[in-house]
Amino acid sequence: MPSTIRIAAALLIGSDGQTLLVRKRGTQAFMQPGGKIDAGEQPADALARELHEELNLRIEPGAAVYLGKFSAPAVNEPGFTVEAELFQVQIDVPVSPAAEIEEVRWIDPAGDGGLALAPLTRDLILPFYRASLTA
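Residues numbered from 1 in each chain as written. Predicted model: local features only at pLDDT ≥ 70, side-chain atom pairs only at ≥ 80, totals over all residues. Heavy atoms only, no water.

The name given to the chain in an unreviewed UniProt entry is NUDIX domain-containing protein, and the organism recorded there is Pseudomonas pergaminensis. Taken directly from UniProt, the Cofactor (unreviewed entry) text for the chain runs: "Mg(2+)". (UniProt positions renumbered as here; feature names shortened; annotations may be inferred.)

See the structure below:
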């Protein structure tokens with residue numbers, strides 16, 4: 001049984017530079033929006049599908065800027081590693097939680113918004129975004 005979960009994730013950035021995090025129903029940690037990549041599906045297509053399902057947000061897969069592959073322990077599935085194909089997506093439209101998403105929060109990337117964060121978000125993605133702002 002594979003212990004790696006392949007996902008496409010978004011570093012969603014609003015017009016004010018804040019980034020959007022989501023919390024799934026029945027969980028505590030906030031993370032990037034996105035989800036599992038289906039067999040034969042391209043990561044950008046998976047991202048577009050997941051953003052529509054989770055946030056009622058429609059994006060063109062080609063508008064998502066690929067940032068790289070990031071890997072960390074899965075927060076909600078002990079013993080698993082999440083491997084994320086990360087894309088940056090700029091948005092200036094409202095989003096609303098749908099599907100399994102219970103809550104969405106915009107946070108200033110300089111901090112953690114006072115939220116419990118998934119390891120991938122806390123240890124890799126937010127520091128990556130912060131570093132890109134000072135480069």
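So much for the structure itself; the text now carries on.
Observations regarding the pairing of strand E5 (residues 81-90)
In this structure, strand E1 (residues 4-13) lies alongside E5, joined through ten bridges in parallel fashion. The residue bridging Leu11 from the neighbouring strand is Gln88, located in E5. Relative to E5, strand E4 (residues 65-73) runs antiparallel, the two sharing eight bridges. Among the inter-strand pairings, Pro73 is bridged to a residue of E5, identified as Thr81. (Pairing = 2+ DSSP bridges. Helix = DSSP H or I, 4+ residues; strand = E, 2+ residues; numbered from the N terminus.)

What to know about the packing of aromatic side chains
Counted by the stated rule, this structure contains two aromatic pairs. Here Tyr66 and Phe87 contribute two aromatic rings whose centre-to-centre distance is 5.3 Å and whose plane-to-plane angle is 65°, an arrangement assigned as edge-to-face. Of the two residues, Tyr66 is situated in strand E4 and Phe87 in strand E5; the sequence distance between them amounts to 21 residues. The buried category is assigned to Phe87, whose relative accessible area is 6%. (Phe/Tyr/Trp six-rings, centres within 6.5 Å; stacked < 30°, edge-to-face > 60°. Buried < 20%, exposed > 50% of the residue type's maximum accessible area, 1.4 Å probe, protein only.)

Quick look at the pattern of salt bridges
Two side chains bearing opposite charge may form a pair once their charged atoms approach each other closely. Taken as a whole, this structure holds ten salt bridges when the rule is applied. In this structure, Asp38 engages Arg49 in a salt bridge whose closest nitrogen and oxygen atoms are separated by 3.5 Å. Of the two residues, Asp38 is situated in the loop between strand E3 (34-36) and helix H1 (43-55) and Arg49 in helix H1; the sequence distance between them amounts to eleven residues. The salt bridge involving Arg105 is made with Glu103; its shortest N-O contact spans 2.9 Å. You can call Arg105 partly exposed: its relative accessible area is 34%. Three or more residues are tied together by salt bridges with common partners; here these are Asp38, Glu41, Arg49, Glu50 and Glu53. (Salt bridge = Lys/Arg side-chain N within 4 Å of Asp/Glu carboxyl O.)

Examining the environment of Ile91
Within the secondary structure, Ile91 is located in the loop between E5 and strand E6 (101-107). Taking C-alpha positions, Ile91 is 21 Å from Ile7, a pair spaced 84 residues apart along the chain. The contact partners of Ile91, leaving out residues within four places of it in the chain, are Leu12, Ile13, Gly14, Ser15, Leu57 and Trp106. (Contact = heavy atoms within 4.5 Å.)

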